[in-house]
Amino acid sequence: MTTAGDSKPDGWYLDLMAPNTRGPDYAWLDPSSLYLNAQALSDCVSDLVKPFDSVQIDMVAGIDAMGFILGGAIANHLKKGFIAIRKKGHLCVETEAVDFVDYSKHSKTLEIRKNPFPTDTRVLIVDQWIETGGTMAAATQLIEKMKGIVAGIAVVAMEEQEIALELKQKYKLVTGVPSHLQPQINSQYLNSFKQFDK
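Along each chain, residues carry numbers from 1 onward, in the same order as the chain's sequence is written. pLDDT decides what is reported in this predicted model: residues at 70 or higher carry local features, side-chain atom pairs at 80 or more are listed and counted, and totals for whole chains, interfaces and linings draw on all residues regardless. As a rule here, side-chain values come from all non-hydrogen atoms in the structure, and water together with hydrogens is ignored.

Examining the pattern of salt bridges
Then, in step 1: Salt bridge, as used here: a side-chain nitrogen of Lys or Arg that lies within 4 Å of a carboxyl oxygen of Asp or Glu. Throughout the structure, instances matching the rule amount to five salt bridges.
Then, in step 2: For the salt bridge of Lys114 with Glu96, the shortest nitrogen-to-oxygen distance reads 3.9 Å. Residue Lys114 is found in the loop between β6 (107–113) and β7 (122–130), and its partner Glu96 is found in strand β5 (residues 95–101); the two are separated by 18 residues along the sequence.
Then, in step 3: Residues Lys108 and Asp102 are paired through a salt bridge, measuring 2.6 Å at the closest nitrogen-oxygen approach.
Then, in step 4: A 1.4 Å probe rolled over the protein chains alone gives each residue an accessible area, and that area as a share of the maximum for its type sets the label: buried under 20%, exposed over 50%, partly exposed in between. Owing to a relative accessible area of 37%, Lys108 belongs among the partly exposed residues under this scheme. Helix and strand definitions here come from DSSP, where helices need a minimum of 4 consecutive H or I residues and strands a minimum of 2 consecutive E residues; each element is numbered from the N-terminal end.

Comments concerning the pairing of β5
Then, in step 1: Pairing geometry for β5 and β6, over seven bridges, is antiparallel. Along β6, the bridge assignment pairs Asp99 with Thr109.
Then, in step 2: Only strands that DSSP links by at least two bridges are regarded as paired with each other. Hairpin connection, β5 to β6: the antiparallel pair is bridged by five residues, and Lys105 has positive phi, about 70 degrees.

A few points about the sheet that holds strand β3 (residues 59–63)
Sheet strands pair via backbone hydrogen bonds, and the direction of the pair is either parallel or antiparallel.
Then, in step 1: With respect to topology, seven strands assemble into an open sheet ordered β5-β6-β4-β3-β7-β8-β9, the strand pairing being mixed. One side of each edge strand has no neighbouring strand; the edge strands of this open sheet are β5 and β9 (173–175). Strand-to-strand, the axes of this sheet are offset by a mean angle of 25 degrees, without reference to chain direction.
Then, in step 2: Taken together, the eight bridges between β7 and strand β8 (residues 149–158) define a ladder with parallel strand orientation. When the sheet's bridge partners are listed, Leu124 is paired in β8 with Gly152.
Then, in step 3: It only takes one pair of heavy atoms within 4.5 Å for two residues to be counted as in contact. To obtain each axis, a line is fitted to C-alpha atoms, and for helices this fit is confined to the stretch in contact; angles are then taken between N-to-C directions over 0 to 180 degrees. Sitting on the sheet, helix α1 (residues 38–49) is in contact with β8 and β9, with an inclination near 140 degrees to β8.
Then, in step 4: Strand contacts of helix α2 (residues 66–78): β3, β4 (81–87), β7 and β8, with the helix running at about 140 degrees to β7, the strand carrying the most contacts.

Looking at the pairing of β7
Within a regular strand, side chains alternate between the sheet's two faces.
Then, in step 1: Counting buried positions over the nine residues of β7 gives eight, a clear majority of the element.
Then, in step 2: Relative to β7, β3 runs parallel, the two being bridged by four bridges. Counted as the bridge partner of Gly62 is Val126 from β7.
Then, in step 3: Of the crossover connections in this fold, the one passing from β7 over helix α3 (residues 134–145) to the parallel β8 is right-handed. Assignment of crossover handedness uses the view with strands pointing away from the viewer, where a clockwise path from the first strand over the helix to the second indicates a right-handed crossover.

Some thoughts on the environment of Met158
Then, in step 1: The residue Met158 is located in strand β8 in this model.
Then, in step 2: The residues touching Met158, leaving out its near neighbours within four places in the chain, are Ile130, Ala164, Leu165, Lys168, Leu173, Thr175, Gln182, Ile185 and Asn186.

Quick look at the structure:
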């Protein structure tokens, strides 16, 4: 959040996100562009953790793969441990798994190592983006399958689709998107994209 004397508006770092230039097989934008700017990354992390000031968080989980960057940064900010929620086949230890359908309409599987934390550990789940909500829903199922408690969800942005809205109703879900920019997120086009046409 902006503070007194800070000239940057809330969510200013969202303007750094680049549009897709590689066609329909890719996501419609690249949120990781904002990570190139140290202040943008710092402000984004601060904005995402601030609403959880009064919430008990014991551990942070990040979703493969871009959620590792933001989740790791948030875990470090909060001085908490980090657990990786991986795509199928990348962990060399015993795992639990959940199948789901992601934004590309393909069936996928998320995995987490068995017994990653004590029962009732309160976990903040972090990812870069929620498009349809399928991936995040699978991540919440994994945490609960491990007898953890989902303390909240933090993402750069969320498109207001059915499963995503259900997650927002069920859990404390925080994004870095000011309300006036949410319609642009939902339409999958940011006015700031015009700067990339120059």
